[in-house]
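Breakdown of the fold
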Amino acid sequence: GSLYNPVIIYTVDLHYGICHVPANQVKPISGSHYTEKVLLTYEKVPITAHDLLRLRPLTYLNDSIMNFYLKHLKKRYDESRCDAAEITEGREWDDLDGKGCHVFPSFTYTRIKNILAQIGAGARDSKVNRERMWKDIKTWHRGEDLFKKRLLLFPINERLHWTI
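Residues numbered from 1 in each chain as written. Predicted model: local features only at pLDDT ≥ 70, side-chain atom pairs only at ≥ 80, totals over all residues. Heavy atoms only, no water.

Attention now moves to the environment of V103. By the element assignment, V103 lies in strand 5 (residues 101–103). Counting along the chain gives 52 residues from V103 to P155, while the straight-line C-alpha distance between them is 8.2 Å. Not counting chain neighbours up to four residues away, the residues in contact with V103 comprise L70, K74 and L153. (Helix = DSSP H or I, 4+ residues; strand = E, 2+ residues; numbered from the N terminus. Contact = heavy atoms within 4.5 Å.)

Okay, the pattern of salt bridges next. Applying the stated criterion across every chain yields a total of 3 salt bridges. Note that K127 and E131 form a salt bridge whose closest N and O atoms lie 3.9 Å from each other. Placement of the pair is K127 and E131 together in helix 6 (residues 127–137), with a separation of 4 residues, close to one helical turn. For E131, a relative accessible area of 46% gives the class partly exposed. (Salt bridge = Lys/Arg side-chain N within 4 Å of Asp/Glu carboxyl O. Buried < 20%, exposed > 50% of the residue type's maximum accessible area, 1.4 Å probe, protein only.)

Okay, the packing of aromatic side chains next. Across all of its chains, the model carries 2 aromatic pairs by this definition. When the centroid spacing of 4.3 Å and the interplanar angle of 10 degrees are considered together, the rings of F104 and F154 count as stacked. Here F104, found in the loop between strand 5 and helix 5 (108–119), pairs with F154, found in the loop between strand 6 (151–153) and strand 7 (156–158); they are 50 residues apart in sequence, far enough to count as distant. The exposure class assigned to F104 is buried, which follows from its relative accessible area of 2%. Residue classification places F154 among the partly exposed residues on the basis of a relative accessible area of 28%. (Phe/Tyr/Trp six-rings, centres within 6.5 Å; stacked < 30°, edge-to-face > 60°.)

Okay, structure coming up:
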């Protein structure tokens with residue numbers, strides 16, 4: 001490189017040392033085997049090699065990792081509720097339908113937010129708009145009665161931060 005044509009170098013922390021890589025040797029991950037090859041599918045959530053890279057320190061979690069983990073937690077919760085059936089028997093308020101938790105997919109909050117933005121602040125409370133929103137939302141819960149659930153989990157990602 002020269003003063004007019006500088007060489008861009010990326011610095012990568014490998015946790016056992018630092019590596020300096022010229023930009024012309026960096027290949028994009030998008031469209032590679034990292035993003036296309038599904039390593040495993042858990043509760044209908046596919047996990048790719050690229051998703052696993054999101055588990056490295058100092059990286060951001062993506063929706064696949066969040067959906068995977070929340071479904072895993074829900075399955076463990078449901079299993080623990082089945083094991084505790086003897087204890088909670090007859091306590092309908094505690095777990096209304098035997099599966100008291102529903103986890104929405106990570107896109108749900110964003111979708112609801114977009115619908116509300118399209119409707120506009122003044123018309124949100126109209127019956128037509130509530131019915132339109134419910135028509136869109138009711139397809140996301142696979143026929144479960146959400147009104148019998150004790151806990152509804154909505155993963156929310158705003159400003160690169162996940163909240164449940």
